[in-house]
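Structural characterization, general
The primary structure of each chain is shown beneath.
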Amino acid sequence: MFCKTSPQISLFDVKNVFPNALPKEDWCYLYRDQVYPLIDEDIFRELYPSETGRPNTPIKKAVSILIFMDMERHTWRGAEFLQTRRLDWLIATRTPIGEEPIDHTTLFKFFLRMEASSAARKLFEKLTVRFAEACGTSTKKQRTDSFFMHGWLQVLSRYGLFKETLRVFLQNLRKQKPGLYDDISKELSRNYLDKEFDLTEKDHEKAQREVKRMAQDLYAVYTVFDKHHQVNQYESFKTLATVFHQQCEVVENPEKTVREVVIREKPVGDEIISTPHNTDARYAKKGRQAVCGQKGFLTETCDKNNKTQFITDVAVTSATTADVKELPGIQKRLEEGKMKPEEQYSDAGFVNGKTIVDSNDRGILLECPSSGRSQSFEKYQAGDRPLDTADFEVRVDEKNREVSVLACPEKQAPIDHMRSGKTGKTLVHFDASVCRECKVNTRCPVKIGTGVATFTIDGASYAGAARHHQYMEDTNYRKRCAIRAGVEATVSEMVRVHGVRRSRHRTEGRTRLQLLFAAIACNVKRFIRHGVLHGYVVSVTAKITPSAAVNGLYAHFFLLFHHEFMPLIENRFILAFQRSKLLCPSVSVL
């Protein structure tokens, strides 16, 4: 049952029992006063039933522990272990001394509840907006970058993929249907559940022979259980069937009575399975870096007048997703989160003619060079470089965005313009006889036909080519785009400090949660650091002032408590901590 955290402060709160336990400038006080009240528990209401069941774990405390875990890269059991041993955690979460910690199982189940929910995304957006307001951070300029997130699984070759896929299915079959396992195991070429199981084979020729045998075994298992109404519902069997169809094909051989299984030269399909343990993980290679996992995207503010920059958006996709395809989703989330920038800087992977035009339609000026073109100044300034759309004299109608060509690079005017009914692009016709005699026709994109020469153009192609010319010719523009490089430092911080280079989870949804909480932890650190160094422009929380009678009652009680009861328990409490090997360094101030 959903239940909010009680605002009542316990009498055994660390601040009351040991008012001078930690210095007043310690981070935990800023977190308790400025961040903890901003955690909106109503966001998580959808995760729990409204009226039935036991009350939920205090959400503010659970969320805070998840943030602390990503601040210091703790495990689930480590977080449980430290909850009662870290005074700064107790103060930050307003936890009274002696209260039972949230066990690691409950904490992990709370994390799992958010996998299919947008609660973590809403929390991240709300905190970021409030942090930016309090620190006076402008979101008008932002920068974006991507990075690979390695899975915790080994990168498998086709040999290892076939072996592990069969092993996982047969292991599940032996557990669920031991009789069926005994029958099918007799038809296979080897025992895939052998304890001495190796996913690699250094002998290339032997590996190729083994791959062919395992392909036959995959087909045998698939044909036997494809029609079985129970086994074909196993997730391990569905994975096996998908791997078989992606990697192999069955060919009819008229000379033989049996069908022949042929291994494809390249797997087919849009979502190629790289490991049976995580069907969301994809194999990708960039230079010498091979990845079996996901790709992360990070956007942060970058206005030079900001004293503190904050992460405004993070996302996780498959490792094979192109940067340019994710850009519309990034801009949509920024707009929905009320953090839409006026200018967005990114590398060439995000920029092409279409994204430039689409970003302008959203009211965002997308900067930096366009993709698909060499950024070599030697090649660009060479006299024999290929001509592109931006070398033509073009006029763009501001109202309907239609593009018309006024002249070619050699100042020849076109005969006419017409719109293609299939592609919607503009077809510009030139005199074919003049184009044949042109001295640059070998470098020109105009296609010379029998009666007419045709040049195809649209707004996107011209925008991409014009951006390339602007970047290569304008020194001031290149300097302005250099601000994008600063996001590399934030990616490095997220990788080194918060451990986002490697996913700790199997599914893409949980990996996305990991990145979200790492971004929240990074923003919280920056927010607290800004408060220490510069203070806040506006207060993000409103403190409630108790009445004079209440203040007097509290003062009388704590005066009695400190003089009568504290001497009896303080020495025992400190002695117990000193004898413990788990003493936190921050407790030494006692």
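These notes cover the structure that comes with them. Since the model is a prediction, treat every value here as computed from it, not as a measurement. (Residues numbered from 1 in each chain as written. Predicted model: local features only at pLDDT ≥ 70, side-chain atom pairs only at ≥ 80, totals over all residues. Heavy atoms only, no water.)

**Things to note about the overall build of the protein chain**
What counts, and what does not: In this description a helix means any DSSP run of H or I spanning at least four residues, a strand means any run of E spanning at least two, and both kinds are numbered starting from the N terminus. Using a 1.4 Å probe on the protein chains alone, a residue whose accessible area is under 20% of its type maximum counts as buried, one over 50% counts as exposed, and one in between counts as partly exposed. When checking whether two residues touch, look at their non-hydrogen atoms; a contact exists if any pair is within 4.5 Å. Using the Shrake-Rupley algorithm and a 1.4 Å probe, accessible areas are obtained, with residue cover drawn only from the displayed protein chains.
Along the backbone of the protein chain there are 20 helices and 14 strands. Expressed as a percentage of its 590 residues, the buried residues of the protein chain come to 47%. Within the protein chain, contacts between residues separated by at least 24 positions form 68% of all contacts whose residues are at least 6 apart in sequence. In the form shown here, the protein chain has an accessible surface area of approximately 31100 Å², with 51% of it arising from carbon and sulfur atoms.

**Points about the pattern of salt bridges**
Counted only if it meets this: Counted as salt bridges are all cases of a side-chain nitrogen of Lys or Arg within 4 Å of a carboxyl oxygen of Asp or Glu.
Tallied over the full model, the rule gives 30 salt bridges. Taking the shortest distance from any N to any O, the salt bridge between arginine 385 and aspartate 391 comes out at 3.0 Å. The two residues arginine 385 and aspartate 391 agree in class, both being buried. Close ionic contact of arginine 484 with glutamate 488 constitutes a salt bridge, the shortest N to O distance being 3.3 Å. A relative accessible area of 14% means that arginine 484 is categorised as buried.

**Here's the deal with the environment of phenylalanine 517**
Looking at the element boundaries, phenylalanine 517 is found in helix H19 (residues 508–533). Judged by its relative accessible area of 1%, phenylalanine 517 is buried. For the pair phenylalanine 517 and alanine 120, spaced 397 residues apart in sequence, the C-alpha to C-alpha distance is 7.8 Å. Excluding residues within four positions of it along the chain, phenylalanine 517 makes contact with Val63, Leu66, Ile67, Asp70, Phe111, Met114 and Ala120.

**Things to note about the side chain of serine 117**
How we decide: Polar contact is the term for a pair of N or O atoms within 3.5 Å; when the atoms are in protein, one must be able to donate a hydrogen and the other to accept it, and sequence-neighboring residues count only if both atoms are side-chain atoms.
Mapped onto the elements of the fold, serine 117 is located in the loop between helix H6 (104–113) and helix H7 (119–135). A distance of 2.3 Å separates the side chain of serine 117 from the side chain of glutamate 46, its partner in a polar contact. There is a polar contact of 3.1 Å between the side chain of serine 117 and the backbone nitrogen of alanine 119. The residues contacting serine 117, other than those within four sequence positions of it, are Glu46 and Leu47.

**Remarks on the layout of surface pockets**
Formally: Residues are said to line a cavity or pocket when one of their atoms sits within 4 Å of a point; the points come from a 1 Å grid over protein atoms alone, cavities being sets where a 1.4 Å probe fits but cannot get out and pockets being open sets with protein on both sides within 12 Å along at least five of seven lines. Grid points are joined across faces, edges and corners, and a volume is the space filled by probe spheres set on the points. By the convention adopted, Pro, Cys, Tyr, Trp, Phe, Met, Ile, Leu, Val and Ala count as nonpolar, Lys, Arg, Asp and Glu as charged, and the other residues, Gly among them, as polar.
When its volume is computed, the second largest pocket comes out at roughly 390 Å³. Considering the residues around the second largest pocket, the lining is formed by 17 residues, among which Ile356, Val357, Asn360, Gly459 and Ala463 are closest to the centre. In terms of residue count, the dominant contributor to the lining of the second largest pocket is helix H16 (residues 459–473) (six residues). A class-by-class count of the residues in the lining of the second largest pocket yields nine nonpolar, three polar and five charged.

**Notes on the packing of aromatic side chains**
Worth spelling out the cut-off: The rule is short: rings of Phe, Tyr and Trp, with Trp giving its six-membered ring, pair when the centres are within 6.5 Å, and they are stacked under 30 degrees, edge-to-face over 60, tilted in between. For a lysine, the NZ atom is tested; for an arginine, the CZ atom; a charge sits over a ring if that atom is within 6 Å of the ring centre and within 35 degrees of the ring normal.
Taken as a whole, this structure holds 20 aromatic pairs when the rule is applied. Plain terms: the ring middles of phenylalanine 44 and phenylalanine 110 are 5.8 Å apart, the flat faces sit at 40° to each other, and that makes the pair tilted. With phenylalanine 44 in the loop between helix H2 (27–35) and helix H3 (59–72) and phenylalanine 110 in helix H6, this pair connects stretches of sequence that are 66 residues apart. Like phenylalanine 110, phenylalanine 44 is buried. Residues tryptophan 76 and phenylalanine 108 carry aromatic rings whose centres are separated by 5.1 Å and whose planes lie at 75° to one another, so their mutual orientation is edge-to-face. You can see tryptophan 76 sitting in helix H4 (residues 76–82) and its partner phenylalanine 108 sitting in helix H6, a full 32 residues away along the chain. The partly exposed category is assigned to phenylalanine 108, whose relative accessible area is 26%. What links up through ring pairs into an aromatic cluster is the set Phe169, Tyr219, Tyr222, Phe225, Phe237 and Phe244. We note arginine 174 situated over the ring of tyrosine 181; from NZ or CZ to the ring centre the distance is 5.9 Å. The positively charged end of arginine 385 is found above the aromatic ring belonging to tyrosine 380, 4.7 Å away from the centroid.

**Section: the packing of helix H8 (residues 158–176) against helix H10 (residues 204–225)**
What counts here: Helix axes use the C-alpha atoms of the stretch in contact, all axes being lines fitted to C-alpha atoms, and the angles between their N-to-C directions lie in the range 0 to 180 degrees. Each crossing gets its handedness from the near helix: less than a right angle anticlockwise from the far helix is left-handed, clockwise is right-handed.
The interhelical angle for the contact between H8 and H10, taken along N-to-C directions, is 35°, at an axis separation of 9 Å. The hand of the H8/H10 crossing is left-handed. From H8, Arg158, Tyr159, Phe162, Lys163, Leu166, Phe169 and Leu173 reach across to H10, where they touch Ala207, Glu210, Val211, Met214, Ala215, Asp217, Leu218, Val221 and Phe225. Within the contact of H8 with H10, the residues separate by chemical class into 12 nonpolar, no polar and four charged.

**A few points about unusual backbone geometry**
Positive phi outside glycine occurs at lysine 338, with the angle close to 60°. For lysine 338, the location among the structural elements is in the loop between helix H12 (323–336) and strand S7 (343–345).

**Let's talk about the environment of glycine 449**
Relative to the assigned elements, glycine 449 resides in the loop between strand S13 (447–448) and strand S14 (452–457). You can call glycine 449 partly exposed: its relative accessible area is 28%. Counting along the chain gives 13 residues from glycine 449 to arginine 436, while the straight-line C-alpha distance between them is 9.6 Å. Setting aside residues no more than four positions away along its own chain, glycine 449 makes contact with Ala432 and Arg436.

**Side note on the nonpolar core**
Note the cut-off: Buried Ala, Val, Leu, Ile, Met, Phe, Trp, Tyr and Cys residues form a nonpolar core when they are joined through side-chain atoms within 4.5 Å.
Residues Tyr31, Phe44, Ile67, Phe110, Met114 and Phe517 are the most contacted members of the largest nonpolar core, which totals 72 residues. A per-element tally of this core places H19 first, with 12 residues. Dropping the residues within four chain positions of it, phenylalanine 44 is found in contact with Phe2, Ile59, Val63, Phe110, Met114, Ala119 and Leu123. In terms of nonpolar packing, the next biggest core, distinct from the first, is built from 31 residues, Leu161, Ala207, Leu218 and Ile273 among them.

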